[in-house]
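Tertiary structure, described
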Number of protein chains: 2
Amino acid sequence: MEMTVNRTSPPKRTTIYDLAELAGTSASAVSAVLNGNWKKRRISVKLAEKITKLAEEQGYALNMQASVLRRERSKIIGMIVPKYDNRYFGSIVEQFEARARERGLFPIITCTMRDPALEVEAARAMLSYQVDCLIATGATDPDRIVDLCAAAGVRTINLDLPGSRAPSVISDNYGGALELTRRVLSNCEREYGEKAPLLFVGGRGTDHNTMERVRGFRDAHAEAGITVDEALVQTCGYAPEKAENVMRQLAARTSDLPRGMFVNSTISLEGVMRWIRHSGHYAERMPHLGCFDWDPFVAMLGDHIEMVRQDVPKMLEAVFDIIDSGSTDLAFVEIPPIIEKIG
Amino acid sequence: MEMTVNRTSPPKRTTIYDLAELAGTSASAVSAVLNGNWKKRRISVKLAEKITKLAEEQGYALNMQASVLRRERSKIIGMIVPKYDNRYFGSIVEQFEARARERGLFPIITCTMRDPALEVEAARAMLSYQVDCLIATGATDPDRIVDLCAAAGVRTINLDLPGSRAPSVISDNYGGALELTRRVLSNCEREYGEKAPLLFVGGRGTDHNTMERVRGFRDAHAEAGITVDEALVQTCGYAPEKAENVMRQLAARTSDLPRGMFVNSTISLEGVMRWIRHSGHYAERMPHLGCFDWDPFVAMLGDHIEMVRQDVPKMLEAVFDIIDSGSTDLAFVEIPPIIEKIG
DNA sequence: CACATGTGCTCAATCGATGAAGCAAGAATT
DNA sequence: AATTCTTGCTTCATCGATTGAGCACATGTG
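Reading guide: rules and limits
- Residues numbered from 1 in each chain as written.
- Chains lettered and ligands numbered in written order.
- Predicted model: local features only at pLDDT ≥ 70, side-chain atom pairs only at ≥ 80, totals over all residues.
- Heavy atoms only, no water.
- Pairing = 2+ DSSP bridges.
- Helix = DSSP H or I, 4+ residues; strand = E, 2+ residues; numbered from the N terminus.
- Axes fitted to C-alpha atoms, helices over the stretch in contact; angles between N-to-C directions.
- Contact = heavy atoms within 4.5 Å.
- Buried area = accessible area lost by both parts, 1.4 Å probe.
- Salt bridge = Lys/Arg side-chain N within 4 Å of Asp/Glu carboxyl O.
- Buried < 20%, exposed > 50% of the residue type's maximum accessible area, 1.4 Å probe, protein only.
- Lys, Arg positive; Asp, Glu negative; His and termini not counted.
- Polar contact = N/O pair within 3.5 Å; in protein donor to acceptor, adjacent residues only side chain to side chain.
- Domains from an automatic or database assignment.
- Parallel < 35°, antiparallel > 145°, perpendicular 65-115°, else oblique.
- Left-handed = near helix turned anticlockwise from the far one by under 90°.
- Nonpolar A, V, L, I, M, F, W, Y, C, P; charged D, E, K, R; others polar.

Another aspect to go through is the sheet that holds strand 1 (residues 76–81) of chain B. Residue and element names in this part refer to chain B. Pairing in this open sheet of six strands is parallel, and the strands run 2-1-3-4-5-13 from one edge to the other. The sheet terminates laterally at strand 2 (106–111) and strand 13 (332–335), the two strands that pair on one side only. Neighbour-to-neighbour, the strand axes of this sheet turn through a mean angle of 15 degrees, independent of strand direction. In this sheet, strand 4 (residues 155–159) lies alongside strand 3 (residues 133–137) in parallel orientation, the contact comprising five bridges. From the neighbouring strand, Ala-136 faces strand 4, where its bridge partner is Asn-158. Where helix 7 (residues 142–151) meets the sheet, it contacts strand 1, strand 3 and strand 4, and its direction lies at approximately 165 degrees from that of strand 4.

Across the boundary between the two partners, chain B contributes 55 residues, which contact 56 residues of chain A. Both faces considered, chain B and chain A share a buried interface measuring about 5200 Å² in area, 56% of it formed by carbon and sulfur atoms. Its largest share of buried area at the contact with chain A, chain B owes to Arg-13, Gln-65 and Phe-297 of chain B, together 15% of the area lost on that side. Our enumeration of links across chain B and chain A arrives at four salt bridges.

This part is about the side chain of Asp-143 of chain B. Residue and element names in this part refer to chain B. Examined against the element boundaries, Asp-143 turns out to sit in helix 7. Although Asp-143 is buried, it forms no salt bridge, and the closest oppositely charged side chain is Arg-165 at an N-O distance of 4.3 Å. Engagement of the side chain of Asp-143 in a polar contact is seen with the backbone nitrogen of Arg-165, the distance being 3.3 Å.

Looking now at the domain arrangement of chain A. Residues and elements named next belong to chain A. Structurally, chain A comprises domain 1 (16–62), domain 2 (73–166) and domain 3 (173–309). The C-alpha-based centres of domain 2 and domain 3 are spaced at 30 Å. Across the boundary between the two partners, domain 2 contributes nine residues, which contact 11 residues of domain 3. Of all residues in domain 2, Arg-87, Arg-114 and Leu-161 bury the most surface against domain 3, accounting for 53% of the area lost on that side. For the interface between domain 2 and domain 3, the tally reads zero salt bridges. Where domain 2 meets domain 3, there are one residue pair in polar contact (both at pLDDT 80 or more).

What follows covers the packing of helix 1 (residues 16–23) of chain A against helix 3 (residues 45–57) of chain A. Residues and elements named next belong to chain A. Their axes nearest at 10 Å, the elements helix 1 and helix 3 cross at an angle of 125 degrees. Considering the angle they form, helix 1 stands oblique to helix 3. Here the hand of the crossing between helix 1 and helix 3 comes out right-handed. Contacts between helix 1 and helix 3 involve Leu-19, Leu-22 and Ala-23 from the first element and Lys-50, Ile-51, Leu-54 and Ala-55 from the second. Classifying every residue of the contact of helix 1 with helix 3 gives six nonpolar, no polar and one charged.

Written as structure tokens, this is what we have:
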């Protein structure tokens, strides 16, 4: 048992061959014991215990690369996610990790900064790591990713934003927006005694969610008999600066600012609020706001903000139901979001 | 070119052997071309181009498992992180991913929900995936993780919370807390015209950061000639409910609530704010708050809250400086946090 | 013309784990 | 006693990429 540990080069990790030698047995017996199917392979309890004990003593750690290379399925499950800067994606990722681990899957997550090129690059990287399944969250071009994965025989599920070539789990954006708009409209009417249209700010005009939310927004106005001017729908992107810009330009064009707004994410709300605070507009009376997304501190900003909270636990349950069922049909699951009570 | 794609079993992925056959060359030539050291291996430009083109056409994706298994270094870099529910950890993770990718490293991240058992399990999993290096962020027991990794010859760097057996990059908690406390104390004195101690809420009394912040808190009081009662230091943990509880119990004991508080994280602040809003205490005058951590919406909550923002870009720069330098000495880097201006 | 040098590739071992196939020894059955 | 069965292992090919060693041919040098 000579110890030739060279401190300059990394100490060789213990492998099943080392353990086999120590136990005076074969590598395949060690493998069978350590990966749990030693009963099937008719290894005696005595040997199994001996090997287990040795493995512990030696601090043996399975080499996943070797294991995955040999195995049919990798049990690695990937997720790509746009950003980590808000509670929505944060809880998606937390839930994803927890549920994956529960099932004995190894989650790997990558954030793409909403950059389509990075999305594709990330998807490719995941394929290289032999993921069994990829969840594309809020992807700009989900179908592109699905195609890449399909070519490698990897299942994909779209989350948050739907695609046409893989099952999709999303919020009921239309329903949520309809209800949110109704509430903000009625808050405005209650305060000002007259009906007036809201401003829609944030999101991308081309993405499904934003389009559905705009539809809910318009329908709620229609219900109330209010017409919505085109200029009042500003799908300028998600970044705070873009929302801020919209407000600045609107204020430059007209002194008659809307009394209420539908803001398409907390991140856009950040920009809107910043502008409201710095511009001096709305100094006497805050506008009524509705935010499609939830944040605990936004909830404390005052009773002029309504929020719709996407139901992340239910969404991930739906995602894993699809994974567990192994079904391949193009499900399209819409989860009703939660209308948060003010205060 | 027969297409025998069996839809029930996954279509076999293209390997370098497939490409070699198509190109009429050997697998090792393909490998050399695709991993970029074909010049060293004296492959002709002509063949290189042919192979590259073929790889693209066939949608070839490297099998990382095989590649890593063979190679000396995996170029995988791991990070464990407590939670994704706040801006601080969110930006740590975003920065980590970006900088890792910049260097051609593949980042894998896992969140441990502040659970010590999960931390160890996660570290083990990372070792199995042959990470070259592990960043332990906010770990409860960093030294435990360092030991695990050291046994496998894997470098570790502690981030956010320091350990004694690996380089650590953390905020200057003492300095930040000192300045934050000074500000809140002076805000209180300005408003109330008299010196009075603040309440310290949140964090774990046993962790280095909390201890350092308490030290700064005490020293700022001492500077101002204010004595701090033991009961005013409530390191109750990070969860919102725990902070809320502290407030509730404090209010039950005394009607003379402190006029200002030092709150040890945004997540604890969530609990404190919730209590303030629901309990009816502080209804006339909000207490002056100082929060060790930053959130854009907290910044909008009013001018009674001071914030200290940990300098995540600098922290990650320091982390990657250590990684790039390859140095193994026990650096202890303290990065000054940023004092946010109110409003 | 003999020999060195350079060019452009191929061969085969290897990384560590897995599992089908097989083998030896003992137990049970006819 | 001859045979099947069972138990408890071992052997070896395999997954896909990497890389040191080596080979054949072309070109240059003395």
